[in-house]
Amino acid sequence: MRARINVLSEIPEEWRRRVALWQKLNRKHCTVVDAQPTPGANTEYLIYQTLVGAWPIDVARLRAYLLKAVHEAKSHTSWINPNVRYNEAIARFGEAILDPARSSHFLKDFVAFQARIAHFGTLNSLAQTLVKITAPGVPDFYQGSELLDLNLVDPDNRRAVDWQLRRGMLDELTRATATLGDRAAFARELMEAKEDGRVKLYLIREALACRRAHPALFGVGEYRPLEIRGPLAEHVLGFVRRGKDAVALTVVPRLLARRGIEGLPLGGAYWGDETGALVPPEAGPRLVNPLTGERLAVDRGVVPLAQAFASFPVALLVSAA
């Protein structure tokens, strides 16, 4: 959810226009409480930001979250001194904007915009997940976050985790990867169906397997920046882990919404021919991507991003010794 909301910082002008439009469309749902339109501008902004991050969401979940938020903000109501009229006005507003019969124009515009944000949010989530697994330290996974986690704070995050669903997906991935003929094509298929969350679970499974296969490298290996050169360098983050017997490069995209290209950030059509990662000499002439099974040649000390991201939007490149 936070990975989605972070996307808004990349497109502030468009976000500003959207919020202004939605405020205009939903003004009719506001209630005057204590001579003030309710919700006020700050709370209404919070509501739209919450919807962007948690969508799809039903009325009950939104209502529970909003009442918790306004009580703990203590601006107009609180748990100790509740303002019943204010609480009811907030709840009515949330119910009204989710009602297709009363808010069809708002929902039509919101849903289309939110779908774009969710796309880039998933890419952010995958990037953060790979960084977490391969950076120094112990990767920590909050229970339930193995898939796309759209929980709000309590009471949302107190809901039971569906472990049966996760075990079933993991078993499916284990069986599939055991007989794969083309791991790169499989990884791309998961990415194209990213809404079901399997792509994140797959990334976690494969990256942790790589970490397990190279315990010294990821446990005590050197950590240093990876230099990216070319016209799209600002859209890439990378670092190197270097040990005695192996070198690993973590390469992930960033700030993709700012580019305004909404397809998957894969291959030369997206990355061109001029942006690449500078590979340290000790990595050797060839690298293997355990996420896709692809073997990449190092050309004059560089791996083009078009190759690193040929089939999957994040890359873990390990020396092929």
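Residues numbered from 1 in each chain as written. Predicted model: local features only at pLDDT ≥ 70, side-chain atom pairs only at ≥ 80, totals over all residues. Heavy atoms only, no water.

Before going further, it helps to examine the overall build of the chain. Per the secondary structure count, the chain includes 12 helices and 11 strands. Looking at the chain as a whole, 49% of its 321 residues qualify as buried. Within the chain, contacts between residues at least 6 apart in sequence are counted, and of these 68% link residues at least 24 apart. If you sum the accessible surface of the chain, you get close to 15,900 Å²; carbon and sulfur atoms cover 52% of it. (Helix = DSSP H or I, 4+ residues; strand = E, 2+ residues; numbered from the N terminus. Buried < 20%, exposed > 50% of the residue type's maximum accessible area, 1.4 Å probe, protein only. Contact = heavy atoms within 4.5 Å. Areas by Shrake-Rupley, 256 points an atom, 1.4 Å probe, with all protein chains shown as cover.)

Leu51, Leu249, Trp271 and Val314 are the most contacted members of the largest nonpolar core, which has 87 residues in total. For this core, the element with the highest residue contribution is helix 6 (residues 104-134), accounting for 11 residues. Setting aside chain neighbours within four positions, we find Leu51 in contact with Ile57, Leu62, Ile97, Leu98, Phe106, Phe110 and Gln114. (Core = buried A, V, L, I, M, F, W, Y, C linked by side-chain atoms within 4.5 Å.)

The subject of this paragraph is unusual backbone geometry. Residue Pro39 is reached from Thr38 by a cis peptide bond, and omega for that bond is 5 degrees. Cis geometry marks the peptide bond from Trp55 to Pro56, where omega comes out at 5 degrees. As for its placement among the helices and strands, Pro56 is situated in the loop between helix 3 (41-54) and helix 4 (59-73). At Ala35, a position not held by glycine, the phi torsion is positive, near 65 degrees. Overall, Ala35 belongs to the exposed group, its relative accessible area being 67%. Despite not being glycine, Arg300 has its phi angle at roughly 55 degrees, a positive value.

A few words on the pattern of salt bridges. For the coordinates displayed, the defined rule picks out 23 salt bridges. Here Asp196 ties to Arg198 by a salt bridge, and the two come within 2.9 Å at their closest N and O atoms. Under the relative-accessibility criterion, Arg198 is labelled buried at 17%. Several salt bridges share partner residues, and in doing so they unite Glu222, Arg224, Arg242 and Glu282 into one network. (Salt bridge = Lys/Arg side-chain N within 4 Å of Asp/Glu carboxyl O.)

This part is about the packing of helix 4 against helix 5 (residues 84-97). Across the interface, helix 4 lies against helix 5 with an axial gap of 9 Å and an inter-helix angle of 145 degrees. Our pair here, helix 4 against helix 5, has a crossing hand that is right-handed. Only Tyr86, Asn87, Ile90, Ala91, Gly94 and Glu95 of helix 5 make contact with helix 4, whose side of the interface consists of Val59, Leu62, Arg63, Leu66, Leu67, Val70 and His71. Residue composition of the contact of helix 4 with helix 5, by class: 8 nonpolar, 3 polar and 2 charged. (Axes fitted to C-alpha atoms, helices over the stretch in contact; angles between N-to-C directions. Left-handed = near helix turned anticlockwise from the far one by under 90°. Nonpolar A, V, L, I, M, F, W, Y, C, P; charged D, E, K, R; others polar.)

A complete count under the given rule lists 15 aromatic pairs for this structure. Seen from their ring centres, Trp15 and Phe113 are 6.0 Å apart, and the 15 degrees between their planes marks the pair as stacked. Here Phe113 lies in helix 6 and Trp15 lies in helix 2 (residues 12-25), a separation of 98 residues in the sequence. A ring pair is formed by Trp22 and Tyr48, whose centres lie 5.4 Å apart and whose planes are at 65 degrees; its orientation type is edge-to-face. A residue pair is termed long-range when its members are at least 10 positions apart, and Trp22 in helix 2 and Tyr48 in helix 3 qualify at 26 residues. Here the two residues Trp22 and Tyr48 agree in accessibility, since each one is buried. (Phe/Tyr/Trp six-rings, centres within 6.5 Å; stacked < 30°, edge-to-face > 60°.)

What follows is about the layout of surface pockets. The volume enclosed by the largest pocket comes to roughly 860 Å³. Around the largest pocket, the lining is made up of 30 residues, and of these Met1, Arg2, Ala3, Asp149 and Asn151 lie nearest the centre. When contributions to the lining of the largest pocket are tallied by element, the ones reaching two or more residues are helix 1 (2-7), helix 3, helix 6 and helix 9 (198-213). At 7 residues, helix 6 tops the list of elements feeding residues into the lining of the largest pocket. Split by residue class, the lining of the largest pocket holds 13 nonpolar, 11 polar and 6 charged. The space that makes up the second largest pocket amounts to roughly 370 Å³. In terms of lining residues, the second largest pocket is bounded by 18 residues, among which Gly144, Asp149, Asn151, Arg159 and Arg166 are the most central. (1 Å grid on protein atoms, 1.4 Å probe; cavity = no way out; pocket = protein on both sides within 12 Å on 5 of 7 lines; lining within 4 Å. Points joined across faces, edges and corners; volume = space filled by probe spheres on them.)

This part takes up the side chain of Ser103. Within the secondary structure, Ser103 is located in the loop between helix 5 and helix 6. Within polar-contact distance, the side chain of Ser103 engages the backbone oxygen of Ala96 at 2.7 Å. With residues near it in sequence (within four places) discarded, Ser103 still touches Asn26, His29, Ala96 and Ile97. (Polar contact = N/O pair within 3.5 Å; in protein donor to acceptor, adjacent residues only side chain to side chain.)

Attention now moves to the side chain of His71. Relative to the helices and strands, His71 is located in helix 4. Ignoring any residue separated from it by four or fewer positions in sequence, one finds His71 in contact with Thr77, Ser78, Trp79, Pro82 and Asn87.

Let's shift gears to the sheet that holds strand 3 (residues 222-225). Overall, antiparallel pairing links the 6 strands, which are arranged 3-5-6-11-8-9 in an open sheet. The open sheet terminates on both sides in strands that have one partner only, identified here as strand 3 and strand 9 (294-297). The mean inter-strand angle of the sheet, taken between neighbouring strand axes irrespective of direction, is 25 degrees. Pairing analysis gives 4 bridges linking strand 3 to strand 5 (residues 236-242), with the strands arranged antiparallel. (Pairing = 2+ DSSP bridges.)

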